[in-house]
Amino acid sequence: MASQQSVIIAGGGPVGVVTALALAQKGIPVRVYEAGDQVNSAPRASTLHPATLEMLASLGLLDDVVTRGLVARTFQFWDRPSGTVVAEFDHAILKDDTPHPFVVQCEQHKVALMAIDRLKAMPHAQVHFSARVSAVEQTADGVAVTIDRDGEQEVVSGSYLVGADGGRSTVRKALDIEFEGYTFPERFLVLTTPVDFEKERGAGYRAYFSDPDEWCNLFKVAGEDGSGLWRVVMPTVPGETDEEVLSDEAVQRRLQKFFPKGSDYIVVHRNIYNVHQRVAAKFQKGRVFLAGDSAHVNNPIGGLGLNCGIHDAMDLAGRLAAVMEGKASEETLLGYEERRRPMNIEYVQQQTIANKKRLEEKSQEQREKNFEFLRQTAADPVAHRAFLLKTSLLESVRRP
Ligand SMILES: Cc1cc2nc3c(=O)[nH]c(=O)nc-3n(C[C@H](O)[C@H](O)[C@H](O)COP(=O)(O)OP(=O)(O)OC[C@H]3O[C@@H](n4cnc5c(N)ncnc54)[C@H](O)[C@@H]3O)c2cc1C
């Protein structure tokens, strides 16, 4: 297959642009079409695990990610009602397993912008904003994709299409692929504040708080100027309206209950998200592939969704490039779904469902059992390493 034929990518989120960069670096022409007029900078993923850092290093993005993010070697489990740390895990124990035995907290829009900067410098790569993919057709030889731009429609053709257009994927719907799974009745609230929880409360850069009434996750990110912001993630009560959740009074009440403070919290961002556990029934139909949130969505506890999406991107780009360069047969492409779909179910769906259950557990007896498991795991170097190999997704990417 001639390498001058291009790969079309629907969606300029982190997964779409990393797929594009991985292909373009192998000389494959790529065209990314993003519906928004710019990269979405809403606070979403920030945790990049060691397995993903290895991939970003192979694309030449690691130094920038570390510079613009925060290195977080450890993470903590807290018991929120008693205000105590139950266990702390340290990625340094993975020093013989990976060149990057740490997590980097780097906001996902920064990763996307870094990849787009690299793409802009490549003559065979194009990134179009305000360009929405609205329809998809395919033949035995290629794809024809309709792009809506400024009220005008244009049909572009290429060899393959990657649907990296997020959880509500138009590409997935156009292919009539079912998004199997469920949506939680509660939503997740994300509040961003400059209050320094490390200085004031001894919290690590990643901290998970178990609480039968209101669990919580706490993360530090660098922010645009590097001065540091903390994101507090909590569940809403099913049925609460946006106004009830997002009002100043409700936000202050939640934060003061979390960590009481003499004065009001400064809140620089507040947002609510619907949360799902869903996996597409198929990741491929003919010449069209799904990657990232268009293929799978999960709750953010454990920070796995984007990581898994970047792993999809790298796997798929490797296969597409090999086929387009004539180094592998088209059958290689079937391996994408065969490998990535079970990987998502086994490592991402199962872990995130278990993580949520552990944090919201109501039975005191079960909570004590969970805490004992975490304490013992952290105290035993063999179990500690095995636990982190799984949570960091290194175990999944090392699997033959
Ligand atoms: C609160 C929260 C916290 C999270 N924290 C983490 C974390 O710590 N770690 C982690 O790994 N994951 C986390 N996630 C998940 C993570 O944000 C997603 O997995 C990630 O955004 C997926 O990237 P993507 O590129 O697949 O999709 P998206 O980021 O959704 O990007 C899709 C892009 O496609 C565009 N688009 C949509 N439709 C079209 C169309 N028809 N044509 C063209 N473009 C289109 C959209 O505008 C968008 O830019 C979190 C999610 C949430 C909600």
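Let us look at the structure shown here. For every chain, the first residue of its written sequence is number 1, and the numbers climb from 1 along that sequence. Since the coordinates come from a predicted model, pLDDT governs what is reported: local features require at least 70, and pairs of side-chain atoms require 80 or more to be given and counted, while whole-chain, interface and lining totals use all residues. To obtain the side-chain values, all non-hydrogen atoms of the structure were included, while hydrogens and water were left out.

**Overview of the layout of surface pockets**
Its volume calculated, the second largest pocket comes out at about 310 Å³. Using a grid of 1 Å spacing that covers the protein atoms alone, one calls a set of points a cavity when a 1.4 Å probe fits there but cannot get out, and a pocket when the set is open and has protein on both sides within 12 Å along at least five of seven lines; lining residues are those with an atom within 4 Å of a point. Gln351, Asn355, Arg358, Phe387 and Thr391 are, among the 19 residues lining the second largest pocket, the residues nearest its centre. For the lining of the second largest pocket, the elements supplying multiple residues, two or more each, are strand 5 (74–79), strand 15 (206–210), helix 10 (334–360) and helix 12 (381–391). Secondary structure elements are defined from DSSP: runs of H or I of at least 4 residues count as helices, runs of E of at least 2 residues count as strands, and each element is numbered from the N terminus. Per-element accounting of the lining of the second largest pocket gives the leading share, seven residues, to helix 10. Grid points are joined across faces, edges and corners, and a volume is the space filled by probe spheres set on the points.

**A look at the sheet that holds strand 3 (residues 47–48)**
Taken in spatial order, the three strands make up an open sheet running 3-7-4, and their pairing is antiparallel. Only two strands of the sheet have a single partner each, and these edge strands are strand 3 and strand 4 (70–72). In this analysis, strands are considered paired if DSSP registers two or more bridges between them. Across three bridges, the pairing between strand 4 and strand 7 (residues 103–105) is antiparallel. Pairing of Ala72 across the sheet is with Val103, part of strand 7.

**Brief notes about the packing of aromatic side chains**
Any two of the Phe, Tyr and Trp rings considered here, Trp counted by its six-membered ring, make a pair once their centres fall within 6.5 Å; the pair's planes then place it as stacked at under 30 degrees, edge-to-face at over 60, or tilted in between. Applying the stated criterion across every chain, the model contains 23 aromatic pairs. Between Phe197 and Trp230, the ring centres sit 5.7 Å apart and the planes meet at 75 degrees, which makes this aromatic pair edge-to-face. Placement of Phe197 in helix 6 (residues 197–201) and of Trp230 in strand 17 (residues 229–235) is noted, with a sequence separation of 33 residues between them. Relative accessibility decides the category of a residue: with a 1.4 Å probe and only protein chains considered, values under 20% of the type maximum give buried, values over 50% give exposed, and everything between is partly exposed. Here Phe197 falls in the buried class, since its relative accessible area comes to 1%. Residue class for Trp230 comes out buried when judged on its relative accessible area of 1%. Measuring from ring centre to ring centre gives 6.2 Å for Phe197 and Tyr265, while their planes differ by 25 degrees; the resulting arrangement is stacked. Within this pair, whereas Phe197 is found in helix 6, its partner Tyr265 is found in the loop between helix 8 (248–258) and strand 18 (269–273), the two being separated by 68 residues in sequence. Accessibility classification places Phe197 together with Tyr265 in one group, the buried group. Through a chain of ring-to-ring contacts, the aromatic side chains of Trp78, Phe197, Tyr205, Phe209, Trp230, Phe258, Phe259 and Tyr265 assemble into a single cluster. The ring of Tyr160 has Arg287 lying over it, and the distance from NZ or CZ to the ring centre is 4.7 Å. Lysine NZ or arginine CZ positioned within 6 Å of the ring centre and within 35 degrees of the ring normal marks a charge as sitting over the ring.

**A word on helix 12**
Along helix 12, the residues classified as buried are His384, Phe387, Leu388, Leu389 and Thr391. Residues count as neighbours in contact if any of their non-hydrogen atoms are within 4.5 Å of one another. Each element contacted by the buried residues of helix 12 is listed here: strand 5, strand 6 (84–90), helix 10, helix 11 (364–379) and helix 13 (394–398). Among the residues trailing helix 12, Leu393 stands out with phi positive, at a value near 70 degrees.

**Topic: the environment of Tyr273**
Positionally, Tyr273 belongs in strand 18. Counting along the chain gives 126 residues from Tyr273 to Ile147, while the straight-line C-alpha distance between them is 28 Å. When residues no more than four places from it in sequence are discounted, the contact partners of Tyr273 are Ala42, Pro43, Arg44, Arg187, Phe188 and Val190. Polar contacts here mean pairs of N or O atoms no more than 3.5 Å apart (in protein, one a potential hydrogen donor and the other a potential acceptor; neighbouring residues in sequence count only if both atoms are side-chain atoms). In terms of polar contacts, Tyr273 uses its side chain to reach the backbone carbonyl oxygen of Pro43, at 2.6 Å.

**So, the site of the ligand**
The cutoff for a nearby residue is simple: one of its non-hydrogen atoms must lie within 4 Å of the molecule or strand. Neighbouring the ligand are 29 residues, the closest being Glu34, Gln108, Val133, Asp293 and Leu306. Measuring from an oxygen atom of the ligand, one finds a backbone N or O atom of Pro14 at 3.4 Å. Separating an oxygen atom of the ligand from a backbone N or O atom of Thr47 is a distance of 3.5 Å. Each accessible area is a Shrake-Rupley estimate made with a 1.4 Å probe; only the visible protein chains count as cover when residues are assessed. Contact with the protein chains covers 88% of the free accessible surface of the ligand, which is 990 Å². Breaking the shell around the ligand down by element, the ones donating at least two residues are helix 1 (14–24), strand 9 (132–138) and helix 9 (305–324). Broken down by element, the residue count for the shell around the ligand peaks at three residues, all from helix 9. Grouping the amino acids of the shell around the ligand by side-chain chemistry returns 13 nonpolar, 11 polar and five charged. Classes in brief: Ala, Val, Leu, Ile, Met, Phe, Trp, Tyr, Cys and Pro nonpolar; Asp, Glu, Lys and Arg charged; the others, Gly included, polar.

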